[in-house]
Amino acid sequence: MTNSQLIASTAPRVQARTLTEQEVHDIEHELTLYPDKRAVGLEALKIVQKHQGWVSDESLLAVANFLEMSAHELDGVATFFNLIFRQPVGRKVMLFCNSVSCYIMGCEQIKAHISERLGIDYGETTADGQFTLIPVPCLGDCDRAPVMLMDGEQQRNLSIEKINEILAESAERE
Amino acid sequence: MAKISVDGIEYDVNPENNLLQECLSQGLDLPYFCWHPCMGSVGACRQCAVKQYRNEEDKKGTIVMACMTPASDGSIISINDQQATDFRSHVIESLMISHPHDCPVCEEGGECHLQDMTQMSGHNYRRYDFKKVTHRNQNLGPFIGHEMNRCIACYRCVRFYNDYAGGEDLAALGSHHHVYFGRHEEGVLENEFSGNLAEVCPTGVFTDKTFSAHYTRKWDLQTAPSICAGCGVGCNTAPGERYGTLRRVVNRYHHDINGYFICDRGRFGYDANSSKQRVGKALYRHGQEAEFKPLSSLEAKRQFAAMTGGDVIGIGSPRATLESNIALRDRVGVENFYAGFSDAQFDCLQEVLKSLREPGLYCPDVRQIERSDCVLVVNEDITNTSARLALAIRQAGRNAATDLANEARIPLWQDAAVRELAQNTRSPLIIVSPQGSRLDDVASATHLLQLDNQIHLLQAVAHAIDPDALKPTASNEVDEALSSSIAAQLCQAKNPCLVSGISAESPALVKACVNVAKALRAYRKHNSAEQNPVALCFAMPEANSLGMALLLETGGKPLRAALQRLASGSADAAIVMENDLSLRTSQTALAEAMAGGVPLIVMDQLHNRFNEQAQLLLPSSSVFEQHGTWINYEGRAQSSYQVFRPSEDILASYERLSALDPMQECGVSSELIMQEFARANDAFSALTQLRPPRVGISASLKSPRQSHRFSGRTAMHAQDHVHESQQEQDRASALAFSMEGVMLQKDSSLMASPWSPAWNSNQSISKFQQEINGELQQGSKGELLCVRQSTETAYDAISAKRDEKLTCFIISQLFGSDEISANAPAIQARSLGPYACIGQELALACGIRQHGLVDITTQTGRVQLPVIIRRQIAPNCIGIYPANEVDKYALLLGEITLQAVPDEDSHIASSRAMFDHLLIKDALAREA
Ligand code: SF4
Ligand code: SF4
Ligand code: FES
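Enquirer: Requested: an account of the nonpolar core, with residues and values cited.
Expert: Residue and element names in this part refer to chain B. Core analysis: the largest hydrophobic core is formed by 172 residues, its most contacted members being F160, F206 and L490. Here this core gets 9 residues from one element, more than from any other, and that element is helix α18 (residues 507–527). Residue-level mapping places this core at the junction of two domains, with at least three residues from each of domain 2 (351–541) and domain 3 (807–915). Once residues within four sequence positions are removed from consideration, L490 is found in contact with C374, L376, V461, I465, P496, L498, V516 and L520. Counting residues in hydrophobic clusters, the runner-up holds 37 residues, among them A66, A71, I77 and C112.

Enquirer: Before we move on, can you summarise the interface of chain A and chain B with the specific residues and values?
Expert: Taken together, the contact between chain A and chain B spans 20 residues of the former and 23 residues of the latter. Around 1700 Å² of area is buried between chain A and chain B when both sides are counted, 52% of it from carbon and sulfur atoms. Linking chain A with chain B are 0 salt bridges. Along the contact surface separating chain A from chain B lie 5 residue pairs in polar contact (both at pLDDT 80 or more). When residues of the side of chain A that touches chain B are traced back to their parent elements, those giving at least two are α1 (3–9), α4 (57–66) and α5 (71–80) of chain A. Broken down by element, the residue count for the side of chain A that touches chain B peaks at 7 residues, all from α5 of chain A. Here the side of chain A that touches chain B is built from residues that sort into 8 nonpolar, 8 polar and 4 charged.

Enquirer: Describe the confidence of the model for chain A, with residues and values.
Expert: Put simply, chain A has an average pLDDT of 91, and 93% of its residues get 70 or more. Least confident of the elements in chain A is α1 of chain A, whose mean pLDDT is 51; most confident is helix α2 (residues 21–31) of chain A, at 97.

Enquirer: So what about the packing of aromatic side chains? Which residues, and what values?
Expert: Residues and elements named next belong to chain B. One pass over the structure, following the stated rule, counts 16 aromatic pairs over all chains. Where Y32 meets W759, the ring centres are 6.1 Å apart and the plane angle is 35 degrees; that geometry is what we call tilted. Of this pair, Y32 sits in the loop between α1 (19–25) and β3 (49–53) while W759 is found in the loop between β30 (735–736) and β31 (783–784), placing the two residues 727 residues apart along the sequence. Taken as a pair, Y32 and W759 share a single burial class, namely buried. Each ring, one from Y164 and one from F261, has its centre 5.1 Å from the other, and the planes form 55 degrees; the classification is tilted.

Enquirer: With reference to specific residues and values, describe the site of ligand 1.
Expert: Taken together, 13 residues are adjacent to ligand 1, and C151, C154, Y155, C157 and C201 of chain B come closest. When the residues that make up the shell around ligand 1 are grouped by side-chain class, the tally is 11 nonpolar, 1 polar and 1 charged.

Enquirer: Mind laying out the site of ligand 2, listing which residues take part and the relevant values?
Expert: All names here are of chain B. If you check the shell around ligand 2, you find C228, G230, C231, V233, G234, C235, I262, C263, R265, G266, A387 and R388 and nothing else. Looking at the shell around ligand 2, the elements with two or more residues in it are α7 (264–268) and α13 (387–396). Grouping the constituent residues of the shell around ligand 2 by class yields 7 nonpolar, 3 polar and 2 charged.

Enquirer: So, the pattern of salt bridges: which residues are in play, and what are the values?
Expert: Residue and element names in this part refer to chain A. Under the counting rule described, the total for this entry stands at 51 salt bridges over all chains. Close ionic contact of E23 with R17 constitutes a salt bridge, the shortest N to O distance being 2.9 Å. Relative accessible area serves as the criterion here: at 22%, R17 is assigned to the partly exposed category. Linking K37 and E68 is a salt bridge whose minimum nitrogen-to-oxygen distance equals 3.6 Å. Of this pair, K37 sits in the loop between α2 and α3 (41–52) while E68 sits in the loop between α4 and α5; the two residues are 31 residues apart in sequence, bridging distant segments of the chain.

Enquirer: Which residues make up the pairing of β3 of chain B, and what are the values?
Expert: Residue and element names in this part refer to chain B. Within β3, 5 of the 5 residues are buried, which leaves the element mostly enclosed by the surrounding structure. Going residue by residue along β3, you find A49, K51 and Y53 tucked away on one face and V50 and Q52 tucked away on the opposite face as well. As judged from the 4 bridges shared by β3 and strand β4 (residues 62–65), these two strands associate in the antiparallel manner. The residue bridging V50 from the neighbouring strand is V64, located in β4. As paired elements, β3 and strand β5 (residues 76–78) share 3 bridges and run antiparallel to each other. Along β5, the bridge assignment pairs K51 with S78.

Enquirer: Go over the sheet that holds β3 of chain B with me, naming the residues and quoting the values.
Expert: Residue and element names in this part refer to chain B. Ordered in space as β2-β1-β5-β3-β4, the 5 strands form an open sheet in which the pairing is mixed. Because the sheet does not close on itself, it has two edges, and the strands there are β2 (9–13) and β4. Adjacent strand axes in the sheet meet at a mean angle of 40 degrees, parallel and antiparallel pairs treated alike.

Enquirer: Describe in detail the domain arrangement of chain A, supporting the description with residues and values.
Expert: Domain assignment breaks chain A into domain 1 (3–80) and domain 2 (92–173). Here the C-alpha centroids of domain 1 of chain A and domain 2 of chain A sit 30 Å apart.

Enquirer: Describe the domain arrangement of chain B, and please don't skip the residues or the numbers.
Expert: Each assigned domain of chain B is listed with its residue range as follows: domain 1 (2–95), domain 2 (351–541) and domain 3 (807–915). One C-alpha centre belongs to domain 1 of chain B, the other to domain 3 of chain B; they are set 56 Å apart.

Enquirer: Now, about the packing of helix α20 (residues 559–568) of chain B against helix α21 (residues 587–595) of chain B: what can you tell me, with residues and values included?
Expert: Residues and elements named next belong to chain B. Remark: α20 packs on α21, axes separated minimally by 5 Å, with the N-to-C direction vectors making an angle of 45 degrees. Taken together, the axes of α20 and α21 lie oblique to each other. For the pair α20 and α21, contact is made by L563, L566 and A567 and by L590, E592, A593 and M594, respectively. Here the residues of the contact of α20 with α21 sort into 6 nonpolar, no polar and 1 charged.

Enquirer: Lay out the sheet that holds strand β33 (residues 835–839) of chain B in plain terms, naming residues and giving numbers.
Expert: Residue and element names in this part refer to chain B. As summarised here, the arrangement of the 6 strands in space is β32-β36-β33-β35-β34-β37, forming an open sheet in which the pairing is mixed. Strand pairing shows two members of the sheet lacking a second neighbour, β32 (807–810) and β37 (897–901), which therefore form its edges. Here the average twist between neighbouring strands, direction ignored, is 35 degrees. Bridge analysis of strand β34 (residues 853–857) against strand β35 (residues 862–870) gives 5 bridges, and the strand direction is antiparallel. Pairing of I856 across the sheet is with V863, part of β35. The sheet strands contacting helix α27 (residues 905–916) are β33, β34 and β35, and the helix crosses β35 at an angle near 60 degrees.

Conventions we followed
Residues numbered from 1 in each chain as written. Chains lettered and ligands numbered in written order. Predicted model: local features only at pLDDT ≥ 70, side-chain atom pairs only at ≥ 80, totals over all residues. Heavy atoms only, no water. Core = buried A, V, L, I, M, F, W, Y, C linked by side-chain atoms within 4.5 Å. Buried < 20%, exposed > 50% of the residue type's maximum accessible area, 1.4 Å probe, protein only. Helix = DSSP H or I, 4+ residues; strand = E, 2+ residues; numbered from the N terminus. Domains from an automatic or database assignment. Contact = heavy atoms within 4.5 Å. Buried area = accessible area lost by both parts, 1.4 Å probe. Salt bridge = Lys/Arg side-chain N within 4 Å of Asp/Glu carboxyl O. Polar contact = N/O pair within 3.5 Å; in protein donor to acceptor, adjacent residues only side chain to side chain. Nonpolar A, V, L, I, M, F, W, Y, C, P; charged D, E, K, R; others polar. pLDDT = per-residue confidence, 0-100. Phe/Tyr/Trp six-rings, centres within 6.5 Å; stacked < 30°, edge-to-face > 60°. Near = heavy atom within 4 Å. Pairing = 2+ DSSP bridges. Axes fitted to C-alpha atoms, helices over the stretch in contact; angles between N-to-C directions. Parallel < 35°, antiparallel > 145°, perpendicular 65-115°, else oblique.

Here is the structure:
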């Protein structure tokens, strides 16, 4: 490899996008609550994710520039948290608990049913971009296990029928 | 002192430290990963577990992490306790779960801390036979290789790179079993100290890419203690050679200078040694126009003798060894010996030498800079000229954190806690400079001023500290507020430290810095509880800048005198030794000198523009191929030893110069030259103690340059002849080109590469230190040559003028400004062609656009350069990076004018591509 090829091969590939007005507004509000710009990193990522659905490299750079911090450090924060999505997810993200109480209450069969109906496994998104299925350790609702969190709503006492209902309902709303 | 008991044996320890550090100081073996002697503890790896007992009665004990537990008086611990031992072997087993089984193809193998610790912890069989986590590696640029699968997640890399060295482009990404250490996207690791990752990482994740390209196991390398010739800091290094080529350079611990870390110029510049530019054979031509013809080594010696019979002048070099400069002077005579640096540098160095002898001041070593609680950096872009000092200045900022931690009674080795406590609290670092620099992120203030205004400001600061210091005449309001605030910070500090340099080639600047130091000295005498001397140092551009200046004090003249003689043709021949004169004076002056027609003999390592004009060009040894003495910015003389013998055509300059009879095999040894010189010159008498006696250190046996398991000795020349060749003899030092002799166990007087039973990695250095982070046992620290005088001198008068006209300052780059390292391929991959920097106002006034071209007219010519427009640049200034191509002396002389060159897409695109690689954070975006 020649030197210029080497340099070219490691040159930055992505450019920051411009943050939307709403994003800037929301992040600026958070800034008033913390003594240090870098401290807003996580909140800013959540804001971007709220508006964009996930955090692309372009968004990551935009936030890093806005907060005057290193994109590498910010990516360290972003990738530390499972629920900051660094790749595109479906319009609905199913956070499905597979921890011990839900396991005792038979979450495995329910997961198998979801996988069969939607054709996706953990960490995957349906081809139509509708659903993403992600396992989580506990949703704090063990007395009503099995549970999952979808669209900000806790779905309790899950059964195969209930899953069918939920899927039918979201198909209707589409 | 405290007493602790370890496995029933009592030790006297320092209670300020943690148990791990103290156990290691006592020479005990206790495994660890995340703790680092100079970065403290974070308790991340759990490998250093020991059993601690509450008292004599406590027979059960608890497992604690030695690195997180203070070595308080009366502590009772056990390393050998069964539970602790089991614990450690389980920890290593889990750290190793996903570690590949690839030692045979891993560059770390044979000097791997992970291998050593695995052995030490007794994890001999791997039981985990499930799927391992695998990662994708990144291309991190020309210096550092990346093999993430080998990571054990000790976090040392990010702690060094980000917390210690101020890097921003490495992060711990992800979490739990798939945590990843890399950049958020592939790309060049930007920090100037990235090479240390290869030594800090206890496994083979980060490795030296240039070494991998011609890899050899540590035990097969021939090494000798060496000194980095990249700048004037004088970092200690251990270069390694195999099959006649240099393979790598690693850090060699020096308590006062580089400690555990060197910069990337020093580490990756070595490859210039085998570059295409190397002068490998003597070359000769009749008359100027003729082609060079190669000479055999004997013909070269004869030709040299024939040409140097008459009246010969000699021009020395600040990048050659002291011995070579002495030998040149001896050969041509004192009256014919001339300085190898510019006249302005000559004047600067005289001032620097005066400051090194001034009582009440001291020249801080690197450690002492780290301890300063207020640093003032003037003009010098220290990261790009003496990088190791910049790393020390960065640490100095942490002294405020030290105070906070002491108040909160947090031990200083609690690294994460102390950093958490301090957040952004830093000791003051004031930078006065024409441009933004890589230290700005830790600076309390950066004042952007052009040179004359800096000098003016310094005068005002001196006056504000001590009214006896002359007040600058044209002072105004702004200056006064600024100068008194800087003065106040310096006066308040316990250990203020002034750092500048001679890159600007301004004697007035040097004097102005000395004046501030003298003012502080006066202030502290009368008004302060702090009576200790004031720290003042000047970065030196080359490894022997100060050595040459000291030598000239005992005889020799400035360069202009040589150029005059050359121009008038009043010599029979001129010897220019290891010096590219086109970098020392303006092209016009040089051309005039050359026009005198004096036959030119040049000795050098690499081809350059200047030595193309020679009649006789002789190949010289590099720092790695000869013994030599180097005098660093403190005036500390240090020895470097020959690592390997180059081909017979290449000779050290002093060997060539001291051999009067061409038939003689080689000249006088460096040692003899040095001894004679030291005896004849009182100021250098300390040099007689510099090296251990050559007879050998024990029972007249020499010490080996090769390890006891060096392989292939009888086979490595088999392609040439089947007989076992005779080992090379080293008649000039106590080292042997052999694996035989007395291994330096616990003795560091000649140690290049530390090794101790069970400790194959560089961590074995602890076995050679008197205590962790302490001095080396029998280590050779070098000799300080400048003695402080007893009487104080008065302030120097400087005509301080304020200047508003357009001026030019010269930019230095760590990768590219040093002539020799600039020829190493890896350094070339990081260096740039010449460019100019200007501020927004000037750009608007001249109609220059970002990444466009500017035409610069000087009194003697003009040059077109691509431009980068920056925020952080003093008004009315243009910064120029000459890349050893543009004539900087023409730029510095007299007036310059700027003119925009109409934009053309092609040059915009090419200069943008170039600037993409320039790590200037304050460049303005190019408008659409
Ligand atoms: S890359 Fe090396 S230094 Fe960094 S965490 Fe992994 S093993 Fe430790
Ligand atoms: S170039 Fe200077 S700072 Fe860097 S390793 Fe060499 S001597 Fe040290
Ligand atoms: S060295 Fe003590 S926990 Fe890592």
